[in-house]
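# Structural overview for review
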Amino acid sequence: MEIEGKIIMDLPEEGGTSKAGNVWRKKSYVLETLGQYPRKAKFDIFGDRIDTLRAEVGKTYRVSVDVESREFNGRWYTDLRAFSIQETNVANGPQDGGFTQQAPQQPAQQFGGAPAQNPFGAAPAASADPFGSSDSDDLPF
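What counts and how
- Residues numbered from 1 in each chain as written.
- Predicted model: local features only at pLDDT ≥ 70, side-chain atom pairs only at ≥ 80, totals over all residues.
- Heavy atoms only, no water.
- Core = buried A, V, L, I, M, F, W, Y, C linked by side-chain atoms within 4.5 Å.
- Buried < 20%, exposed > 50% of the residue type's maximum accessible area, 1.4 Å probe, protein only.
- Helix = DSSP H or I, 4+ residues; strand = E, 2+ residues; numbered from the N terminus.
- Contact = heavy atoms within 4.5 Å.
- Polar contact = N/O pair within 3.5 Å; in protein donor to acceptor, adjacent residues only side chain to side chain.
- Phe/Tyr/Trp six-rings, centres within 6.5 Å; stacked < 30°, edge-to-face > 60°.
- Lys NZ or Arg CZ within 6 Å of the ring centre and 35° of its normal.
- Pairing = 2+ DSSP bridges.

## Thoughts on the nonpolar core
Nonpolar side chains tend toward joint burial in soluble globular proteins. Ranked by internal contacts, the top residues of the largest apolar core, which has 16 residues, are Ile7, Phe43, Ile45, Val63, Val65 and Ile85. At the level of elements, β1 (2-10), β3 (23-33), β4 (40-46), β5 (60-72) and β6 (75-87) are the ones that each hand at least two residues to this core. Setting aside residues up to four positions removed in sequence, Ile45 forms contacts with Arg25, Lys26, Lys27, Tyr29, Ile50, Leu53, Ala82 and Ile85.

This is how it looks when you write it as structure tokens:
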């Protein structure tokens, strides 16, 4: 999954030693998505990637993340772990709010649930106006 937006907070690096004796490091940032309804998302960078993946407050980035949820004592927690950060130009950013998913897109649906394209290559059947109006106005009243 990718998230695009402006970094609004650079949180302090955390670290320690696990019960198994392994040293760990974590760096977190807060990103605010672009679009009409901005959302905030905190993502983490772990281990040696902290040294290679850098972000600056006020700049716009496209962040590729893995999303993982886990249960602990009957409560669920969700983490966003960044594996790639690319600086972007705000003028070329998405207008869909900043979240994109890397999955095949389904054909667009027309009014009435019919697919916009016929998967067999034939021309789609002509459909009647659902409101029986001959006006060029698309409002039903």
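Right, picking up where we left off after that structure.
## Regarding the side chain of Lys27
Inspection of the secondary structure puts Lys27 in strand β3. With a relative accessible area of 11%, Lys27 lands in the buried category. At 2.6 Å, the side chain of Lys27 forms a polar contact with the backbone oxygen of Leu11. Not counting the four nearest positions on each side in its chain, Lys27 is found in contact with Asp10, Leu11, Pro12, Glu13, Phe43, Asp44, Ile45 and Ile50.

## Topic: the packing of aromatic side chains
Under the counting rule described, the total for this entry stands at 1 aromatic pair. Note that Arg81 overlies the ring of Phe46, its terminal NZ or CZ placed 4.3 Å from the centroid.

## Quick word on the pairing of β5
Where β1 and β5 come together, 5 bridges link them in antiparallel fashion. Paired with Gly5 across the strands is Tyr61, a residue of β5. For β5 and β6, the ladder comprises 12 bridges, and the chain directions are antiparallel. Residue pairing in the sheet places Arg62 in a bridge with Gln86 of β6. Counting the residues between successive antiparallel strands, the hairpin from β5 to β6 contains 2 residues, one of them, Asn73, with a positive phi of roughly 55 degrees.

## Details of the pairing of β4
Sheet topology places β3 next to β4; 7 bridges connect them, and they run antiparallel. The residue of β4 that forms the bridge with Leu31 is Ala41. The antiparallel pairing of β3 with β4 creates a hairpin that spans 6 residues between the two strands, and Gly35 there sits at a positive phi of about 110 degrees.

## A short note on unusual backbone geometry
In this structure, Asn73 is a non-glycine residue whose phi angle is positive, near 55 degrees. Relative to the helices and strands, Asn73 is located in the loop between β5 and β6. Its relative accessible area of 64% is what places Asn73 among the exposed residues.

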